[in-house]
Amino acid sequence: MKKSYDVAVFHGDGIGPEIMAPTLEILHQLSRGSPSYELVFTDAPAGAGHYAKTGESFPAGSLETARNADAILLSAMGLPDVRYPDGTEISPQIDLRKQLGLFAGVRPVKVSSRQMTPLALPPGKEIDFVLIRESTEGLFFTQGAGEVTEHEARETLLITREVSEKLFRFAFELAQNRKRTGRGRGRVTCVDKANVFRAFAFFRSMFDAEAANHPELQADHAYVDATALWMVQKPWEFDVLVTENMFGDILSDLGAGLMGGLGLAPSADIGLNHAVFQPCHGSAPDIAGQAIANPFAMILSAAMMLEWLGLTHDHPELSNDGARLREAVEKVTANGQNLTRDLGGTTGTQDAASSVLEALRA
Ligand code: ATP
């Protein structure tokens, strides 16, 4: 009997539905071909388009669908022209992070030796590290609610023991798992600014406490400014980096830059009981409706979902299919044909996704 997994699907706005459709097609094919698992998809309406149509951006029923699912697949969401009356953008993905306690933003940065990158990689060097961005507090704590008077403005940076301990446990477990599967050396780096801010000294002390539980892993620290430099000078030395929300926000875009752009950058927001998988990029309204969006970040996010489901449910075939799907995208990007315009090619969304399916079957 096949084991069944429920996946909540947010189709998104702008290019969101255009990249979600071929991704779901690939997942359907994997599910149909699997002897051991079945993926069952449930649509969860939400987003800027839904708000424009109904006056509701994130219906309670959609949150319920997400809460009940084994995993959540979410495409790019929000539109600059559709906003709440107070001028803020519609972002159900941020509501989900808060509602489901998704404290770990996981941003893998992977560039194989044959792949295009703005860096000149030394022979034999590849980039393969994961940046973990705390996603519920830090300098985003007062997001949208900072105090502004005529003379000054204040925002609050919040670091709590509760969230930090969960975050560091997650980071070390991830490093352990990467080491076990041959993807990492078992090194975790705490990225902070502990030389200037007491809050980051506190952050670092909890990192050190967790590190003491993992003598088999290497643990070290780096200041955020030095990390930005090293991400350009010697990114192949990193394995797992863990950092505060705002630092992670900035460094993850630098990571996407190393991969040749946002069109190749997947992400996951993971909590103790739920996880959302989504591309790092936005809904790209400037190219929506033209069938030219790059679907690879969405497909790589779906691959991360399969790997995570396999790991959390101890289902190796699911993890293997996730790894195979990731490798299929890597094969297509390394090959340099069938690339979309953002990567220097001329291929449309559907054909780019079809080439991944072909690579998967090969
Ligand atoms: P957000 O603030 O919602 O993250 P953003 O304003 O940073 O969004 P994006 O929507 O990510 O912007 O788009 C930034 C640029 O990258 C745009 O020119 C867009 O066309 C391009 N872009 C983003 N995603 C893709 C994609 N999947 N394929 C091709 N181009 C993309």
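See the structure shown above.
All of the points below concern the structure found in this document. (Residues numbered from 1 in each chain as written. Predicted model: local features only at pLDDT ≥ 70, side-chain atom pairs only at ≥ 80, totals over all residues. Heavy atoms only, no water.)

**Side note on the overall build of the protein chain**
Tallying secondary structure elements over the protein chain gives 11 helices and 12 strands in all. Here the C-alpha radius of gyration of the protein chain, 20 Å, is about what a compact globule of 362 residues would show, namely 21 Å. Taken over the C-alpha atoms alone, the protein chain extends approximately 55 × 50 × 45 Å along its principal axes. With 362 residues in all, the protein chain has 54% of them scored as buried. In the protein chain, of all internal contacts separated by at least 6 residues, the share reaching a separation of at least 24 is 74%. When the accessible surface of the protein chain is summed, it comes to about 16,100 Å², and 52% of that surface belongs to carbon and sulfur atoms. The average position of the 32 basic charges and that of the 46 acidic charges among the side chains of the protein chain differ by 6 Å. (Helix = DSSP H or I, 4+ residues; strand = E, 2+ residues; numbered from the N terminus. Rg over C-alpha atoms; globule rule 2.2 N^0.38 Å. Buried < 20%, exposed > 50% of the residue type's maximum accessible area, 1.4 Å probe, protein only. Contact = heavy atoms within 4.5 Å. Areas by Shrake-Rupley, 256 points an atom, 1.4 Å probe, with all protein chains shown as cover. Lys, Arg positive; Asp, Glu negative; His and termini not counted. Charge placed at Lys NZ, Arg CZ, Asp CG, Glu CD.)

**Points about the pattern of salt bridges**
A complete count under the given rule lists 18 salt bridges for this structure. A salt bridge links K110 to E330; the nearest nitrogen and oxygen atoms lie 3.3 Å apart. Separated by 220 residues along the polypeptide, K110 in strand 4 (residues 104–111) and E330 in helix 10 (residues 316–335) bring together distant segments of the chain. The burial state of K110 is the same as that of E330; both residues are buried. The salt bridge partner of R324 is D321, with a shortest N-O separation of 3.3 Å. Of this pair, R324 and D321 both sit in helix 10, separated by three residues, roughly a single helical turn. Connected via shared salt-bridge partners are K110, E307, R326 and E330. (Salt bridge = Lys/Arg side-chain N within 4 Å of Asp/Glu carboxyl O.)

**Notes on the packing of aromatic side chains**
Summed over all chains, the structure comprises 11 aromatic pairs. Measuring from centroid to centroid gives 6.1 Å for F197 and F200, while their planes differ by 65°, and the two rings are edge-to-face. Connected via pairs of aromatic rings, a cluster forms that spans F168, F172, F197, F200, F203, F207 and F247. The positively charged end of R133 is found above the aromatic ring belonging to F140, 5.1 Å away from the centroid. Note that K234 overlies the ring of W230, its terminal NZ or CZ placed 4.8 Å from the centroid. (Phe/Tyr/Trp six-rings, centres within 6.5 Å; stacked < 30°, edge-to-face > 60°. Lys NZ or Arg CZ within 6 Å of the ring centre and 35° of its normal.)

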